[in-house]
Amino acid sequence: MTDEGISIDPTRPSIARVYDYLLGGKDNYAVDREIGDVFKRDLPGSVAIAFANRAALTRAVGQIATTTGIRQFIDLGSGLPTADNVHQVAQRHAPETRVVYVDTDPQVLVHGRALLEQNERTRVVRADVRDPENVRTHPDTVELIDFERPVAVMFSAILHHVNDEEDPAAIVRYWRDHVPSGSHFFVSHFRSGNNPETVEAEGVLQQTFGRGRWRTDEEIAALLEGLEILDPGIVPAPLWRPETVDNPWQGDGERELTVWERLIAAGLARKA
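Help me understand the pairing of strand β5 (residues 122-126) in this model?
Regular strands place side chains that alternate from one sheet face to the opposite one. By the criterion of burial, β5 is predominantly enclosed, with four of the five residues buried. Bridge count for strand β4 (residues 98-103) against β5 is five bridges, and the pairing is parallel. Across the sheet, residue D103 finds its bridge partner in β5, namely R126.

Looking at this structure, I do not really get the environment of V47. What am I missing?
Locating V47 in the fold gives a position in the loop between α2 (30-42) and α3 (48-67). In this structure V47 comes out as buried when scored by relative accessible area, which is 17%. For the pair V47 and L22, spaced 25 residues apart in sequence, the C-alpha separation works out to 6.1 Å. Once residues lying within four places of it in the same chain are set aside, the contact partners of V47 are L22 and K40.

Whenever I open this one, the nonpolar core confuses me. Can you help?
Burial of nonpolar side chains together is a common tendency in soluble globular proteins. Counting 43 residues, the largest nonpolar core has F39, V61, I64, F73, V86, M154 and F186 as the members making the most contacts within it. Here this core gets eight residues from one element, more than from any other, and that element is α3. Not counting the four nearest positions on each side in its chain, F73 is found in contact with V61, I64, A65, V86, A90, T97, R98, V99, V100, I145, A152 and M154. In this structure, V135, V187, L227 and A269 belong to the second largest nonpolar core, which totals 32 residues.

Explanation requested: the pattern of salt bridges in the structure shown.
Between side chains of opposite charge, pairing is possible as soon as their charged atoms come close. Taken as a whole, this structure holds 14 salt bridges when the rule is applied. Of the charged contacts, one joins E96 and R71 as a salt bridge, the two residues approaching to 3.1 Å between their closest N and O atoms. Pair noted here: E96 is in the loop between α4 (86-93) and β4 and R71 is in the loop between α3 and β3 (72-76), with a separation of 25 residues, a long-range link. Classification of E96 as partly exposed rests on a relative accessible area of 39%. The partly exposed category is assigned to R71, whose relative accessible area is 25%. Between R130 and D128 there is a salt bridge, with the nearest N and O atoms lying 2.6 Å from each other. For R130, a relative accessible area of 38% corresponds to the partly exposed category. Under the relative-accessibility criterion, D128 is labelled partly exposed at 24%. Taken together, the shared-partner salt bridges connect D128, R130, E166 and R211 into one network.

The rules behind the values
- Residues numbered from 1 in each chain as written.
- Predicted model: local features only at pLDDT ≥ 70, side-chain atom pairs only at ≥ 80, totals over all residues.
- Heavy atoms only, no water.
- Buried < 20%, exposed > 50% of the residue type's maximum accessible area, 1.4 Å probe, protein only.
- Helix = DSSP H or I, 4+ residues; strand = E, 2+ residues; numbered from the N terminus.
- Pairing = 2+ DSSP bridges.
- Contact = heavy atoms within 4.5 Å.
- Core = buried A, V, L, I, M, F, W, Y, C linked by side-chain atoms within 4.5 Å.
- Salt bridge = Lys/Arg side-chain N within 4 Å of Asp/Glu carboxyl O.

Okay, structure coming up:
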């Protein structure tokens, strides 16, 4: 499959397409479903990680759009479009909001071009989040984002795919140093539970992609060094500013989180 020179290899698994499969999407291939089925079959309940993460991202975008006055978002490692994408949630509250999506997967770019046809305030940049300078100076980013005004930088389920030796903290630090005061940073991240489920799930990703790092709450917070971590801090994603509509377990005793729901954390930080 190609689109104006963009080549998609259906024989190699893609992190974006595996997530798409786990979320019930259709933009995936047999090789992606094979990896996804390992989680579904061998790690029953683990699919809750993907849904808990997506729900937290949706809540974060809505709260940033409604409470901070920020009208521009950069979604790093955005993945394939699904229900309630960042621009859809943000523009629901503030139609003038501009969003740049960033991903390396060529299929994301193909779908992104379809988004562009429908929304002039959206751009999709094919770039590696480990090269933030290239992302920031990309012509499509420069066209849409005014770096003299606060920006929401979204690290939704991406930093755990950056291995320690690739220095994920430096990626966050770059963006911290290149956006103005008042900018917000959302992070969701695989959360180490020091249990067999963590070890097994981490092993699947490392064996398949050579990356996938579970980190403790303290390690996740350290990625946000120099930023003010807002309430309620780094917590399991379903407990991050829950809303009854998507979190029936919002801490009122209705039920306990499963071990899998505790294996994805979320947090929001602000640059003073």
